[in-house]
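# Secondary and tertiary structure notes
Chain residues, written in single-letter form:
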Amino acid sequence: QVQLVESGGGLVQAGGSLRLSCAASGRTFSNYIMAWFRRAPGKEREFVGAISWSGGRTGYADSVKGRFTISRDSAKNTMYLQMNSLKPWDTAVYYCAARSGSYINIRQSEYDSWGQGTQVTVSS
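Described below are features of the structure shown in this document. (Residues numbered from 1 in each chain as written. Predicted model: local features only at pLDDT ≥ 70, side-chain atom pairs only at ≥ 80, totals over all residues. Heavy atoms only, no water.)

## Looking at the state of the cysteines
Overall, the coordinates contain one disulfide when judged by the stated rule. Between Cys-22 and Cys-96 runs a disulfide, and the two sulfur atoms are separated by 2.1 Å. When the S-S torsion is 60°, as for the bridge of Cys-22 with Cys-96, the disulfide is right-handed. Of this pair, Cys-22 sits in strand E3 (residues 18-25) while Cys-96 sits in strand E9 (residues 92-100); the two residues are 74 residues apart in sequence, bridging distant segments of the chain. The residues Cys-22 and Cys-96 share a single accessibility class, namely buried. (Disulfide = S-S within 2.5 Å. Helix = DSSP H or I, 4+ residues; strand = E, 2+ residues; numbered from the N terminus. Buried < 20%, exposed > 50% of the residue type's maximum accessible area, 1.4 Å probe, protein only.)

## Topic: the pairing of strand E7 (residues 68-73)
Relative to strand E8 (residues 78-83), E7 is paired through six bridges, and the arrangement is antiparallel. Bridge pairing in E8 places Ile-70 opposite Leu-81. The hairpin turn running from E7 into E8, its antiparallel successor, is four residues long, and Asn-77 in that turn takes a positive phi close to 50°. (Pairing = 2+ DSSP bridges.)

## Structural notes on the nonpolar core
Residues Met-34, Trp-36, Met-79, Leu-81, Met-83 and Tyr-94 are the most contacted members of the largest nonpolar core, which totals 37 residues. Of all the secondary-structure elements, those providing two or more residues to this core are E3, strand E4 (32-39), strand E5 (45-52), E7, E8, E9 and strand E11 (118-123). It is E4 that contributes the most residues to this core, six residues altogether. Once residues lying within four places of it in the same chain are set aside, the contact partners of Met-83 are Gly-16, Ser-17, Leu-18, Leu-20, Arg-67, Phe-68, Tyr-94 and Val-120. (Core = buried A, V, L, I, M, F, W, Y, C linked by side-chain atoms within 4.5 Å. Contact = heavy atoms within 4.5 Å.)

## Some thoughts on the sheet that holds E7
Taken together, the four strands give an open sheet; going across it, the order is E1-E3-E8-E7, and neighbouring strands pair in antiparallel fashion. Since the sheet does not close on itself, it has two edges, and those belong to strand E1 (3-7) and E7, each with one partner. Taken over all neighbouring pairs, the strand axes of this sheet differ in orientation by 20° on average, direction set aside. (Axes fitted to C-alpha atoms, helices over the stretch in contact; angles between N-to-C directions.)

## What to know about the pattern of salt bridges
In total, this model carries five salt bridges according to the counting rule given. The closest approach of N and O atoms between Arg-67 and Asp-90, which form a salt bridge, is 2.7 Å. With Arg-67 in the loop between strand E6 (58-60) and E7 and Asp-90 in the loop between E8 and E9, this pair connects stretches of sequence that are 23 residues apart. In this pair, the class of Arg-67 matches that of Asp-90, namely buried. One salt bridge connects Arg-107 with Glu-110, and the closest N-O pair in it is separated by 3.4 Å. Residue classification places Glu-110 among the partly exposed residues on the basis of a relative accessible area of 29%. (Salt bridge = Lys/Arg side-chain N within 4 Å of Asp/Glu carboxyl O.)

## Some remarks on the packing of aromatic side chains
Taken as a whole and judged by the stated rule, the model has seven aromatic pairs. Look at Phe-29 and Trp-53: their rings are 6.0 Å apart centre to centre, the planes differ by 55°, and that puts the pair in the tilted class. Separated by 24 residues along the polypeptide, Phe-29 in the loop between E3 and E4 and Trp-53 in the loop between E5 and E6 bring together distant segments of the chain. Taking the relative accessible area as the measure of exposure, Trp-53 reaches 5% and is therefore buried. Among the aromatic side chains, those forming a connected cluster through ring pairs are Phe-37, Phe-47, Tyr-95, Tyr-111 and Trp-114. It is Arg-45 that lies over the ring of Tyr-95; its NZ or CZ is 4.8 Å from the centre. (Phe/Tyr/Trp six-rings, centres within 6.5 Å; stacked < 30°, edge-to-face > 60°. Lys NZ or Arg CZ within 6 Å of the ring centre and 35° of its normal.)

As far as function goes, none of this settles anything; it's purely spatial.
In structure tokens:
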């Protein structure tokens, strides 16, 4: 059973940076896609970006392209979300998710393992 634990959330001023981590356990992830989603207050959960664990290919939502970067450390089984130039509308609970396969999918229904989420608040 895959377990995902996010950390690194907090309060930051607009224009600042945060790095989120997602520690994964329970299996090997060589043929997995790991993703970040977020849910802003009053909104549906949305795709932020994802990475293929073996090849390192990434994909991002248009709203975060050029500001957010996803990476992974295979030795630590950990995925990261580096968030720069944060905006107030980036405020949300950020979740990591995992699914088997090699293609990045933006639909949350395609992911069968989820973390508990970490709060990111960006003040103006």
